[in-house]
Amino acid sequence: MTRPANRLSQLPPYLFADVTRKKRAAIAAGRDVIDFGVGAPDHPTPRFIVDRMVEAVQDPANHPYAFGTGTAEFRQAVVDYFKRRFEVDLDVATEVLALLGSKEGIGHLPIAVVNPGATVLVPEPAYPVYVSSTIFAGGVCHEMPLREENGWLPVLEDIPGDVREKSVLMHLNYPNNPTGAVAPLSFFEEAVAFARKHDILIAQDAPYADLYFGDPPPSMLQVDGAKDVCIEFHSFSKTFNMTGWRLAFAVGNAEVLLALGKVKSNLDSGVFAALQQAGVTALNGMDRPEIKNQMEIYKGRRDLLVSGLRDAGWPVTPPPATFYVWAKIPEGTDCWNVATRLLDEADVVVTPGAGLGKSGDGFVRFSLCVDEERTAEAVRRIAKLSW
Ligand SMILES: *Cc1c(COP(=O)(O)O)cnc(C)c1O
């Protein structure tokens, strides 16, 4: 019996296969490809974090299994960060859970809280893990379209009554990938009231909470009583250029974190203690110039790309947060055609919006993980194309 289980064939089709294949072929053919498709920082982890890790790895006390919800020191650093950054109090014993990346936590959450056949509310376009983790747990997805006219927020009144009654979990993601939108606290208030009324857990995914260009985005836990119905995921990956390290945490409802922790203790055996120590150093160093400077770099790239695309006739709006530009494409074409022609005629790779959800048609996603010189070169090439 070597055949994969049926749940694997229930995963949505991988829509980027064509773009990926063409990109590989272009690179293999020696073409000068500029890749805005990758949503991962292009800079190394800041030195002060690497140094702490090197030191921590050498301590034998860090070598055994680090079972449990996270070291006391790590959980306290999260509590301190939440107080400093959001003025939210967390209970260090029950309201913080260390994760091996937020994808891991989101991926395991439905096993902890979704019974087979239950409905999960997922935004679209979105990061694919909300859907795949639901499918793995035998849940059923109901999509909440994100549209520009609603500020890229789901319209909760549009969720049909029978769906509300069957729903047990709602995924949200602000600041948002792919749209770059920030949710105002008023939306979080509305969502918490909705969740309370319909007895739904909200999982708010916030890996970009500290990648912003204007006012700092809020945490959902700033809403009074949010902890009754909500957990929030935070990650070291994007803020600290630590994608490969695999470190994140969930905060919020103690009962849900206990359930998620129970799933995790059956599947993994905790986050490497040395990594948790490096994480403490990272969180406590959030205000260091290395981290602030990173935002200035993304901002420079954002402004260069947005103004270049606008000059080329694209009706693009600059994002207030994240390292994505969700670019509205020129009139009269679609996102697949734009992505294909950018690759074929300009050697520029972007993510077609509809590949992340059907409401993404009319947009392509550029990640800002390409330096200014290459971004400027891409803009020059794009300007030569007419649509
Ligand atoms: C990058 C990303 C993640 C993954 O974060 P990890 O902590 O590296 O697993 C989760 N959600 C969204 C929306 C992302 O863009």
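1. Side note on empty space enclosed by the protein
Argument step 1. Tallied over the entire structure, the rule returns 1 cavity of 30 Å³ or more.
Argument step 2. Quantified by volume, the largest cavity comes out at close to 70 Å³.
Argument step 3. Around the largest cavity, the lining is made up of 13 residues, and of these Tyr81, Asp210, His234, Ser235 and Thr239 lie nearest the centre.
Argument step 4. Residues belonging to the lining of the largest cavity are distributed by class as follows: 9 nonpolar, 3 polar and 1 charged.

2. Observations concerning the layout of surface pockets
Once rolled over the atoms, a probe with the size of a water molecule shows which space is left empty.
Argument step 1. What the second largest pocket holds in volume is close to 220 Å³.
Argument step 2. Lining the second largest pocket we find Tyr81, Arg84, Arg85, Asp210, Tyr212, Met286, Asp287, Ile291, Lys292, Met295 and Glu296.
Argument step 3. Residue assignment for the lining of the second largest pocket shows that the elements contributing at least two residues are helix 4 (72-86) and helix 11 (289-311).
Argument step 4. No other element matches the 4 residues that helix 11 contributes to the lining of the second largest pocket.
Argument step 5. Taken together, the residues of the lining of the second largest pocket sort by class into 5 nonpolar, no polar and 6 charged.
Argument step 6. Taken domain by domain, the makeup of the lining of the second largest pocket includes at least three residues from each of domain 1 (6-44 + 289-383) and domain 2 (47-284).

3. Some words on the packing of aromatic side chains
Argument step 1. This structure, assessed with the given rule, holds 23 aromatic pairs.
Argument step 2. Here Phe74 and Phe249 contribute two aromatic rings whose centre-to-centre distance is 6.3 Å and whose plane-to-plane angle is 75 degrees, an arrangement assigned as edge-to-face. Here Phe74, found in helix 4, pairs with Phe249, found in strand 8 (residues 248-252); they are 175 residues apart in sequence, far enough to count as distant.
Argument step 3. In this structure, Arg302 packs its charged tip against the face of Phe213, placed 4.4 Å from the ring centre.
Argument step 4. Note that Arg341 overlies the ring of Trp387, its terminal NZ or CZ placed 4.6 Å from the centroid.

4. Topic: the sheet that holds strand 6 (residues 201-205)
Argument step 1. Pairing is mixed across the open sheet formed by 7 strands, whose spatial order is 2-8-7-6-5-3-4. With one partner strand each, in any of the chains shown, strand 2 (96-99) and strand 4 (140-145) form the two edges of the open sheet. With strand direction ignored, the average angle separating the axes of adjacent strands in the sheet is 20 degrees.
Argument step 2. In the sheet, strand 6 pairs with strand 7 (residues 230-235) via 4 bridges, with the strands oriented parallel. Considered in strand 7, the bridge of Gln204 is made with Glu232.

5. A short note on the domain arrangement of the protein
Argument step 1. Looking at the assigned domains, one finds that the protein contains domain 1 (6-44 + 289-383) and domain 2 (47-284).
Argument step 2. Using only C-alpha atoms to locate each centre, domain 1 and domain 2 end up separated by 26 Å.
Argument step 3. Tallying the contact residues gives 36 residues for domain 1 and 33 residues for domain 2.
Argument step 4. Summed over both sides, the interface between domain 1 and domain 2 buries roughly 2800 Å², with carbon and sulfur atoms accounting for 65% of that surface.
Argument step 5. Interface area lost by domain 1 to domain 2 is led by Met295, Thr322 and Trp326, which between them contribute 19%.
Argument step 6. The interface formed by domain 1 and domain 2 holds 2 salt bridges in total.
Argument step 7. Ionic pairing is found between Lys328 and Glu148, a salt bridge with its closest N-O pair at 3.0 Å.
Argument step 8. Along the contact surface separating domain 1 from domain 2 lie 11 residue pairs in polar contact (both at pLDDT 80 or more).

6. A look at the state of the cysteines
Argument step 1. As enumerated under the stated definition, the model contains 0 disulfides in all.
Argument step 2. Between Cys141, a free cysteine, and Cys230, which holds the nearest cysteine sulfur, the sulfur-to-sulfur gap is 19 Å.

7. Structural notes on the sheet that holds strand 9 (residues 324-328)
Argument step 1. Strand order in the open sheet formed by 3 strands is 9-12-11, and the pairing between neighbours is antiparallel. A strand with exactly one partner marks an edge of an open sheet, and here the two such strands are strand 9 and strand 11 (351-352).
Argument step 2. Note that strand 9 and strand 12 (residues 363-367) share 5 bridges and pair antiparallel. For Val325, the partnering residue across the bridge sits in strand 12 and is Phe366.
Argument step 3. Across the sheet, helix 12 (residues 335-346) is in contact with strand 11 and strand 12; its angle to strand 12 comes to roughly 45 degrees.

Here is what the cut-offs are and how they apply
Residues numbered from 1 in each chain as written. Predicted model: local features only at pLDDT ≥ 70, side-chain atom pairs only at ≥ 80, totals over all residues. Heavy atoms only, no water. 1 Å grid on protein atoms, 1.4 Å probe; cavity = no way out; pocket = protein on both sides within 12 Å on 5 of 7 lines; lining within 4 Å. Points joined across faces, edges and corners; volume = space filled by probe spheres on them. Nonpolar A, V, L, I, M, F, W, Y, C, P; charged D, E, K, R; others polar. Helix = DSSP H or I, 4+ residues; strand = E, 2+ residues; numbered from the N terminus. Domains from an automatic or database assignment. Phe/Tyr/Trp six-rings, centres within 6.5 Å; stacked < 30°, edge-to-face > 60°. Lys NZ or Arg CZ within 6 Å of the ring centre and 35° of its normal. Pairing = 2+ DSSP bridges. Axes fitted to C-alpha atoms, helices over the stretch in contact; angles between N-to-C directions. Contact = heavy atoms within 4.5 Å. Buried area = accessible area lost by both parts, 1.4 Å probe. Salt bridge = Lys/Arg side-chain N within 4 Å of Asp/Glu carboxyl O. Polar contact = N/O pair within 3.5 Å; in protein donor to acceptor, adjacent residues only side chain to side chain. Disulfide = S-S within 2.5 Å.

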